[in-house]
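Below are the chains, spelled out letter by letter.
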Amino acid sequence: MTVGDSCSVEYQRFTWDALRKGINSIVNKVSATNIKDIIPELFTENLIRGRGIYVRSCIKSQMASPAFTQVFASLIAIVNTKFLEIGNLLLRRLVLQLNRSYKLSGKPRFLASVKFIANLVNQQVAHEILALQLLILMLENRTQDSHFRDILHKGEIDKRVQFMIEGLFAIRKAKFQGCPAVNPKIDLAEPEDQFTHEISLNDKINPEFDLDIFKIYSDFPETEKRYEEFKRSIIGVGVEEECSDSDSDSDEEESSLDESEEQMKINDETEMDLINLRRTIYLTNHVNHQLGRGWSQFTENKIGERSSDGAVHHAIGMLQPGEDLPTLLRPIGAALVHDQQSISGQFREMLCPAIFYHPQA
């Protein structure tokens, strides 16, 4: 498509589909080990236009993999330092999801929302008031594992819940050592750059689900240009340098590989060609019991043409009368030695022209 098509519906639909696939792919592959590399890649996507896609993808991925909640919270915290509306939109949708699942007794969705909000509080994206409201909400409708001490003293619980509560008390007694609020490996957002959103469970929530669907922009080229300028101000220089460094590194690696291959060819002292030649000569001589047939096959295979000075030397040396067959060929069978020695003398005479051209043999 040409630049003149940038205002058309087809072009905007095409870029929207590419944006949706790009954001979903990035969110799905993020982990604690690659989050530093994912951040620059994420900012290359138009997060202003695709903020609904991004928020929805984060919530959906966290719901499917609660064990990666800290990673998704860290990803949101980093983006929130640049785009405040994205952090606010995510919190609003999480609060709405939490309230709905609480009313419908949807425990898996409710617990996933609570875990996500708790990690966002640790990342200073959400205010502590929201965490306190969650505690009050859960204590209003108490379940079997609500009052810890009373449960332990009365003993009217199953063993699983009892072990969970005892483990929690042990962690609390150790002052939560080994359980940091934020994993240092993924704590990438600077506290001074972070903005904390104050959203309450009782607020009237507008989830803005219309941001998740395609819409036409009359000023689409201008909005894309503004984001490109903003993207360059954040990661443009760093990405270009990184790309150039990676290209130079790849070129150096390729050149080093080529040099190493050439050096391997020059310094190859394994003599595999000579070993294969000796094997071929021996098998040709033995299989063809008639001398003429053996020499004919030897010449048809152009063994002599492939041999170097050292090859002829080894071939003649291998067929010296009274000399044992090479150790390499002994596994072929000691029973073949007699036939080999009976015709080796005549076969050696036919190799005399090669001796003439290779006197060192």
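For the structure itself, consult the block above.
Residues numbered from 1 in each chain as written. Predicted model: local features only at pLDDT ≥ 70, side-chain atom pairs only at ≥ 80, totals over all residues. Heavy atoms only, no water.

Take helix H5 (residues 84-103) next. Taking 1.5 Å of rise per residue, the 20 residues of H5 would be expected to cover 28 Å, and the 29 Å separating its terminal C-alpha atoms lies within 8% of that figure. Remark: Ser-105 follows H5 within two positions and exhibits a positive phi of approximately 60 degrees. (Helix = DSSP H or I, 4+ residues; strand = E, 2+ residues; numbered from the N terminus. Expected span 1.5 Å × (residues − 1).)

Here the structure, examined in full by the defined rule, presents 7 aromatic pairs. Judged by centre distance (6.3 Å) and plane angle (45 degrees), the ring pair of Tyr-227 and Phe-230 falls under tilted. On the criterion of helical spacing, the pair formed by Tyr-227 and Phe-230 is a turn pair, its members being 3 residues apart in helix H10 (residues 220-266). Accessibility expressed as a relative area gives 6% for Tyr-227, which makes it buried. Linked through ring pairs, Phe-43, Phe-83, Tyr-227 and Phe-230 together constitute an aromatic cluster. (Phe/Tyr/Trp six-rings, centres within 6.5 Å; stacked < 30°, edge-to-face > 60°. Buried < 20%, exposed > 50% of the residue type's maximum accessible area, 1.4 Å probe, protein only.)

The next subject is unusual backbone geometry. Of note in the backbone geometry, Ser-105 takes a positive phi value of approximately 60 degrees without being a glycine. Secondary-structure assignment places Ser-105 in the loop between H5 and helix H6 (107-122). For Gln-124, which is not glycine, the phi dihedral falls at a positive 65 degrees. Note on placement: Gln-124 falls in the loop between H6 and helix H7 (128-140). Classification of Gln-124 by relative accessible area gives partly exposed; the value is 39%.

For the rest of this paragraph, the subject is the pattern of salt bridges. In the structure shown here, the tally under the stated rule is 7 salt bridges. Glu-208 serves as the salt-bridge partner of Arg-92, at 2.8 Å between the closest nitrogen and oxygen. Of the two residues, Arg-92 sits in helix H5 while Glu-208 sits in the loop between helix H9 (159-173) and H10, which places them 116 residues apart along the sequence. When its relative accessible area of 24% is taken as the criterion, Glu-208 is described as partly exposed. The residue Glu-228 makes a salt bridge to Lys-231 at a minimum N-O spacing of 3.1 Å. Pair noted here: Glu-228 and Lys-231 are both in helix H10, with a separation of 3 residues, about one helical turn. When its relative accessible area of 31% is taken as the criterion, Glu-228 is described as partly exposed. The class for Lys-231 is buried, based on a relative accessible area of 15%. (Salt bridge = Lys/Arg side-chain N within 4 Å of Asp/Glu carboxyl O.)

Further remarks concern the packing of helix H4 (residues 69-80) against H5. Where H4 meets H5, the closest approach of the two axes is 7 Å, and the angle between their N-to-C directions is 140 degrees. Our classification of the angle between H4 and H5 gives oblique. Seen from H4, the contacting residues are Ile-76, Val-79 and Asn-80; seen from H5, they are Leu-84, Ile-86, Gly-87, Asn-88 and Leu-90. In the contact of H4 with H5, the residues fall into 5 nonpolar, 3 polar and no charged. (Axes fitted to C-alpha atoms, helices over the stretch in contact; angles between N-to-C directions. Parallel < 35°, antiparallel > 145°, perpendicular 65-115°, else oblique. Contact = heavy atoms within 4.5 Å. Nonpolar A, V, L, I, M, F, W, Y, C, P; charged D, E, K, R; others polar.)

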